[in-house]
Amino acid sequence: MVTHVVVIGAGVYGAAVAAGLTRRGARVTVVDAGAPAGGTSGATFSWTNSCGKQPRAYHELSVAGMAAHRRLAAEATQDGWYHESGNLEWADGDVAGARLRAKVAGVLDYGYEARWLDRAEVLRLEPGMAQAELPPDGVAYFPREGWIDLPRLVGYLLATAVSGGAEVVRDDAVTGLETTAAEVRAVRLASGRRLPVAAVVNCAGPQAARVAELAGLVLPMRNTRGVLVQTSPAPVAVSRVVHAPRVHLRPDGDGRLLLHSPEIDGAARVADDGGFQVAPSAVERVVEAAVALYPGVRAASVRDVRVGERPIPDDGLPVLGRAAALANFHFAVSHSGATLCVHAGDLVAAEVLGEDRSEELAPFRFDRFNRYGGAGTGHNS
Ligand SMILES: Cc1cc2nc3c(=O)[nH]c(=O)nc-3n(C[C@H](O)[C@H](O)[C@H](O)COP(=O)(O)OP(=O)(O)OC[C@H]3O[C@@H](n4cnc5c(N)ncnc54)[C@H](O)[C@@H]3O)c2cc1C
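Residues numbered from 1 in each chain as written. Predicted model: local features only at pLDDT ≥ 70, side-chain atom pairs only at ≥ 80, totals over all residues. Heavy atoms only, no water.

**Some remarks on the overall build of the protein**
- Across its full length, the protein carries nine helices and 22 strands.
- Its C-alpha atoms give the protein a radius of gyration of 21 Å, near enough to 21 Å, the size a compact globule of 381 residues would have.
- Each of the 381 residues in the protein was classed as buried or not, and the buried ones make up 55%.
- Nonlocal contacts in the protein, meaning residues at least 24 apart in sequence, comprise 72% of its contacts between residues at least 6 apart. (Helix = DSSP H or I, 4+ residues; strand = E, 2+ residues; numbered from the N terminus. Rg over C-alpha atoms; globule rule 2.2 N^0.38 Å. Buried < 20%, exposed > 50% of the residue type's maximum accessible area, 1.4 Å probe, protein only. Contact = heavy atoms within 4.5 Å.)

Okay, here's the thing in structure tokens:
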């Protein structure tokens, strides 16, 4: 039985793993270089879905992730982070239209809920939408999808962990891992603190490759940036996640909306102070698209522009569970972490404490990257 586990990163993965560990009786320290939810989990679209995810094992993991959210929200003593609002999606043009039809057919084949709605049905769900923006040939509707208020979920999971005895250390980066040939012995922090460990979980999101490197492991990643625009409270009823051709949007709490478009992701630049700058024209473009879709958005203003970094392992799939070469070093790293975190974090926590989760974790093991040269000897691609 593991006694002391250090979880590196207090984003949604670190929080979920820590909650899963303390629930099982482990002593846990969560360490973050900054503030909890100050990384990607604070700058994300956080749409819960398994829409078009391949291969099948990834689809099943995502469906299990959605079910875990539903269960947690039902059981929790407080909530407010979980919004199973449904998702509406349509496409422009023959190619994108055919791709969407294939996606809907594919998920239906997997037993996932999806159906086609005509314009009148969409307007009954979203009366604030401009009818002219809707396609004549149907909108795909995924009723079990939705969105998560991730900072709020991080707060809840960390509070659960703390009430189970966990310590949360903030503003203190992990700068070193003391390892022997086969395991990690201690974690070193920038403050000079040294934490002896029985196990370590790498939940460092977009920085996971750097943390793996401290253990002599090479995790190839191809992170990308995304730009998110938050509006002031808008006098318009947007109830669902919407994926329209020129804008993706969803409610963001207290009447605010969150807007995104992959077309403006490239507009983020690193500024001189190390933060991000986003071209104002890109922000205007996504706001204009939102106004065209929901004219009531015109009365809102831009409240915040956020840039998030998607933590994407090189093959696009999650990296979960222990590393074969370093038996007490574990990973919980993925894109789609908003969807997966509660379920995947719990699987990882269970394995850290000796439960056999091999079947669920097998497709997502770090060791699949051995083809890049093997743990500790390969190169980032
Ligand atoms: C634009 C955008 C849109 C997205 N849309 C969706 C979506 O619709 N649906 C979905 O499911 N997912 C989505 N995602 C992905 C999802 O948000 C992420 O997978 C998830 O938030 C990752 O959480 P995390 O805990 O792994 O990382 P993070 O939240 O980044 O947490 C990692 C933490 O580790 C800390 N850290 C790093 N290095 C160190 C160190 N050396 N020492 C100590 N601490 C360290 C950081 O400070 C950070 O707080 C999106 C992401 C982006 C950017």
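**Thoughts on the nonpolar core**
- By size, the foremost hydrophobic cluster in this structure holds 50 residues, and its most contacted members are Leu 21, Leu 153 and Leu 320.
- The set of elements that each furnish at least two residues to this core consists of strand E1 (4-8), helix H1 (12-23), strand E2 (27-31), helix H2 (56-75), helix H5 (150-163), strand E13 (199-202) and helix H8 (337-352).
- Here Leu 320 is in contact with Tyr 13, Leu 61, Phe 331, Ala 332, Val 333, Ala 344, Val 348, Leu 361, Phe 364 and Arg 365, once residues within four sequence places are set aside.
- With 35 residues, the next largest nonpolar core counts Leu 134, Val 278, Ala 290 and Val 291 among its residues. (Core = buried A, V, L, I, M, F, W, Y, C linked by side-chain atoms within 4.5 Å.)

**A few points about the pairing of strand E10 (residues 174-179)**
- Strand direction decides the pairing type here: E10 and strand E11 (residues 184-189), joined by five bridges, are antiparallel. By the bridge assignment, Leu 177 is partnered in E11 with Val 187.
- What sits between E10 and E11 in their antiparallel hairpin is a turn of four residues. (Pairing = 2+ DSSP bridges.)

**Focus on the packing of H2 against H8**
- Direction vectors running N to C along H2 and H8 enclose 90°, while the axes themselves pass 7 Å from each other. The pairing of H2 with H8 is recorded here as roughly perpendicular in orientation. Counted together, Tyr 58, Leu 61, Ser 62, Ala 64, Gly 65, Met 66, Ala 68, His 69 and Leu 72 of H2 and Ala 338, Thr 339, Leu 340, Cys 341, Val 342, His 343 and Leu 347 of H8 form the full contact between these two elements.
- Residue classes in the contact of H2 with H8 are distributed as 11 nonpolar, five polar and no charged. (Axes fitted to C-alpha atoms, helices over the stretch in contact; angles between N-to-C directions. Parallel < 35°, antiparallel > 145°, perpendicular 65-115°, else oblique. Nonpolar A, V, L, I, M, F, W, Y, C, P; charged D, E, K, R; others polar.)

**A closer look at the UniProt feature "domain: FAD dependent oxidoreductase" (unreviewed entry) in the protein**
- Mapped onto this numbering, the UniProt entry gives "domain: FAD dependent oxidoreductase" (unreviewed entry) at residues 4-350.
- For residues 4-350, helix accounts for 30% and strand for 28%, while the C-alpha atoms at its two ends are 14 Å apart. (UniProt positions renumbered as here; feature names shortened; annotations may be inferred.)

**Describing the environment of Ala 33**
- Positionally, Ala 33 belongs in the loop between E2 and strand E3 (47-48).
- Along the backbone, Ala 33 and Val 169 are 136 residues apart, and their C-alpha atoms lie at a distance of 8.5 Å.
- Setting aside anything within four residues of it in sequence, one finds Ala 33 in contact with Asp 171, Asp 172 and Ala 173.

**Considering the sheet that holds E10**
- Taking strand neighbours across the sheet as the criterion, the three strands line up as E10-E11-E12 in an open arrangement whose pairing is antiparallel. Among the strands making up the open sheet, the edge pair consists of E10 and strand E12 (194-196). Neighbour-to-neighbour, the strand axes of this sheet turn through a mean angle of 20°, independent of strand direction.

**Re the site of the ligand**
- Residues in contact with the ligand amount to 39 residues; listed here are only the nearest, Asp 32, Ser 41, Thr 44, Trp 47 and Gly 337.
- Between the ligand and Asp 32, the relevant distance is 2.6 Å, taken from an oxygen atom to a side-chain nitrogen or oxygen of the residue.
- In the model, a nitrogen atom of the ligand is placed 2.9 Å from a nitrogen or oxygen of the Ala 33 main chain.
- A total of 1,000 Å² of accessible area belongs to the ligand in isolation, and the protein chains cover 93% of it.
- Put simply, the parts of the chain that give the shell around the ligand at least two residues each are H1, strand E14 (224-231), strand E20 (302-310) and H8.
- When grouped by side-chain class, the residues that make up the shell around the ligand number 19 nonpolar, 17 polar and three charged. (Near = heavy atom within 4 Å. Polar contact = N/O pair within 3.5 Å; in protein donor to acceptor, adjacent residues only side chain to side chain. Areas by Shrake-Rupley, 256 points an atom, 1.4 Å probe, with all protein chains shown as cover.)

**Concerning the packing of aromatic side chains**
- The full count for this structure, using the stated rule, is four aromatic pairs.
- Ring geometry for Phe 331 and Phe 366: centres 4.7 Å apart, planes at 15°, overall stacked. Taken together, the residues Phe 331 in strand E22 (residues 326-333) and Phe 366 in the segment after helix H9 (358-361) connect sequence positions 35 residues apart. Per residue, the accessibility class of Phe 331 equals that of Phe 366, and both read buried. (Phe/Tyr/Trp six-rings, centres within 6.5 Å; stacked < 30°, edge-to-face > 60°.)

**Points about the domain arrangement of the protein**
- One can read the domain layout of the protein as domain 1 (4-47 + 150-221 + 314-372), domain 2 (87-143) and domain 3 (224-310).
- Computed from C-alpha coordinates alone, the two centres of domain 2 and domain 3 are separated by 22 Å.
- Every contact between the two is made by 13 residues of domain 2 and, on the other side, 15 residues of domain 3.
- Of the roughly 1,200 Å² buried between domain 2 and domain 3, counting both surfaces, carbon and sulfur atoms make up 53%.
- The interface formed by domain 2 and domain 3 holds one salt bridge in total.
- Here Glu 126 makes a salt bridge to Arg 240, at a shortest N to O gap of 3.1 Å.
- Connecting domain 2 to domain 3 are 10 residue pairs in polar contact (both at pLDDT 80 or more).
- Here the element with the most residues in the side of domain 2 that touches domain 3 is strand E5 (residues 87-89); it accounts for three residues. (Domains from an automatic or database assignment. Buried area = accessible area lost by both parts, 1.4 Å probe. Salt bridge = Lys/Arg side-chain N within 4 Å of Asp/Glu carboxyl O.)

**Points about unusual backbone geometry**
- Residue Pro 55 follows Gln 54 across a cis peptide bond; omega there is 0°.
- As for its position among the elements, Pro 55 is in the loop between E3 and H2.
- Despite not being glycine, Asp 171 shows a phi value in the positive range, around 55°.
- Phi at Asp 254 takes a positive value of approximately 55°, unusual for a residue other than glycine.

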